[in-house]
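Spelled out, the chains give:
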Amino acid sequence: MFFSIIIPLYNRPQEIDELLKTLTHQTYTQFEVLVIEDGSANDAKAIVQKYEQLLDVKYFFKPNAGQGFARNYGFERAKGDYFVIFDSDCLIPEDYLEIVKNYLFEHHLDAYGGPDAAHETFTPVQKAISYAMTSPFTTGGIRGNKKHIGQFHPRSFNMGVSREVYEKVGGFILTRLGEDIEYSIRIHENGFKIGLIPAAKVFHKRRTSFSQFYKQLHFFGRARINIYKHFPSELKLVHFFPAAFTCFVLFSALMNILWPTLAYICDFILLVYFVMIFFHSWQVNKSVKVAFFSIIASFIQLTAYGLGFMQDFFKRVVFKQQ
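Residues numbered from 1 in each chain as written. Predicted model: local features only at pLDDT ≥ 70, side-chain atom pairs only at ≥ 80, totals over all residues. Heavy atoms only, no water.

**Here's the deal with the packing of aromatic side chains**
Counting across every chain of the model gives 24 aromatic pairs. Between F172 and Y183, the aromatic rings sit 4.5 Å apart at their centres with planes inclined by 45°, giving tilted as the arrangement. One end of the pair, F172, is in the loop between α6 (163-169) and α7 (179-189); the other, Y183, is in helix α7, with 11 residues separating them in the sequence. Residue F172 is classed as buried on the basis of its relative accessible area of 3%. A relative accessible area of 0% places Y183 in the buried class. Seen in terms of ring centroids, Y305 and F309 are 6.5 Å apart; in terms of plane orientation they differ by 15°. Their pairing is stacked. Linking Y305 with F309, this pair stays in helix α11 (residues 288-318), spanning 4 residues, or about one helical turn. (Phe/Tyr/Trp six-rings, centres within 6.5 Å; stacked < 30°, edge-to-face > 60°. Helix = DSSP H or I, 4+ residues; strand = E, 2+ residues; numbered from the N terminus. Buried < 20%, exposed > 50% of the residue type's maximum accessible area, 1.4 Å probe, protein only.)

**Some points on the sheet that holds strand β3 (residues 57-62)**
One open sheet accounts for 7 strands, arranged β3-β2-β1-β4-β8-β6-β9; its pairing is mixed. Looking at which strands have only one partner, the edges of the open sheet turn out to be β3 and β9 (194-196). When strand polarity is set aside, the average angle formed by the axes of neighbouring strands in this sheet is 20°. Bridge analysis of strand β1 (residues 3-9) against strand β4 (residues 82-86) gives 4 bridges, and the strand direction is parallel. Bridge assignment links S4 to a residue of β4, and that residue is F83. Across the sheet, α7 touches β6 (111-113), β8 (158-162) and β9, and the angle it forms with β8 is around 35°. (Pairing = 2+ DSSP bridges. Axes fitted to C-alpha atoms, helices over the stretch in contact; angles between N-to-C directions. Contact = heavy atoms within 4.5 Å.)

**Observations concerning unusual backbone geometry**
A positive phi is found at N11, a non-glycine position, where the angle reads about 55°. Among the structural elements, N11 can be located in the loop between β1 and α1 (13-23). You can call N11 partly exposed: its relative accessible area is 30%. The phi torsion at K286 lies on the positive side, around 60°, for a residue other than glycine. Here K286 is to be found in the loop between α10 (260-285) and α11.

**Examining the side chain of S298**
Looking at where S298 falls in the secondary structure, it is placed in helix α11. What S298 contacts, discounting residues up to four positions off in sequence, is Y131, A132, T138 and I277.

**Details of the sheet that holds strand β7 (residues 116-117)**
In space, the 3 strands of this open sheet follow the order β5-β10-β7, with mixed pairing throughout. Every other strand in the sheet has two partners, leaving β5 (90-91) and β7 as the edge strands with one partner each. Pairing analysis gives 2 bridges linking β7 to strand β10 (residues 202-204), with the strands arranged parallel. Paired with D116 across the strands is V202, a residue of β10.

**Let's talk about a nonpolar patch on the surface**
Together, I265, F268, I269, L271, V272, V275, M276, F279, W282 and V288 give the surface a local cluster of nonpolar side chains, amounting to about 920 Å² of exposed area. The leading source of residues in the nonpolar patch is α10, at 9 residues. Summarising the element assignment, I265 is placed in helix α10. (Patch = residues over 30% accessible without salt bridge, like charges linked within 9 Å, V, L, I, M, F, W, Y side chains within 5 Å. Areas by Shrake-Rupley, 256 points an atom, 1.4 Å probe, with all protein chains shown as cover. Salt bridge = Lys/Arg side-chain N within 4 Å of Asp/Glu carboxyl O.)

**Notes on the pairing of β4**
The side chains of a regular strand alternate between the sheet's two faces. Of all 5 residues in β4, 5 are buried; the element is thus mostly enclosed. Here β4 shows no split at all, with Y82, V84 and F86 on one side and F83 and I85 on the other all buried. Looking at chain direction, β4 and β8 are connected through 5 bridges and run antiparallel. Bridge pairing in β8 places I85 opposite M159.

**Quick notes on the environment of T208**
One can find T208 in the loop between β10 and α8 (210-230). The exposure class of T208 is exposed, given its relative accessible area of 51%. Sequence spacing of T208 and P124 is 84 residues, and the spatial spacing of their C-alpha atoms is 9.7 Å. Those residues in contact with T208 that sit more than four places away from it in its chain are V125 and Q126.

So this is what it looks like as structure tokens:
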């Protein structure tokens, strides 16, 4: 089994350096790497070239069109039996391809996804962000989990599709705003089998600051409405939770001004919620500092997603704007 690893890149030379370094340690070596520079001003050509003696790696530069179409550019040039997609801010465990190869031989999948985790070298903020994206108190713990709602939709930070899928379904038709979910829905609709490989994890940095994390999650909230516009049945009750939480926070703040008695109840509910996050994160990460940051990250995760979700829900669903 031969893999083609496809990595879209935009102004992140340091990230691709760290990612490629991890790929040099893979125990399974039947793979190529295609780095697609998507119109970056700060390109990584020199960094990629220094790995040419260590990896079967190819560098391509194209005009900026977004990550989905950058992946398509890689698909068109890939030689593998499976196309593996990573985000540039991932670190890949040395046994990743070995795990995927063995799993695919035992359990046929036309496309797969894997979970993400925090690496021991991540900063406390990065670990807190990773917790917020995988916690049972925020996302329900369903990302990268066998227990998921409805069909499993691989996410593009850790996703693989067979050549057969690409030849029949094609590539991404959206370049951003939920492009990976839309793609996996079309794969399902064409009768292909998609599944989770639980052990095929990657270490996903996501964002290095809370401000960057806010922008990313606000974008994710908007992306959910974009998916709804293409596939209305994919909007589930659980997707409204961040918006409901955001409204509750705003309501609580208003009650602190207008109705202090009711505000005490709202504030107590929020306090209990954040205390549960603190102690759960402390148990998971073995760090009081990460546990404290997890409260901040969880608050940002829910409110940023909720605000982005509500923004495009009212704009595109209620008011029917394009």
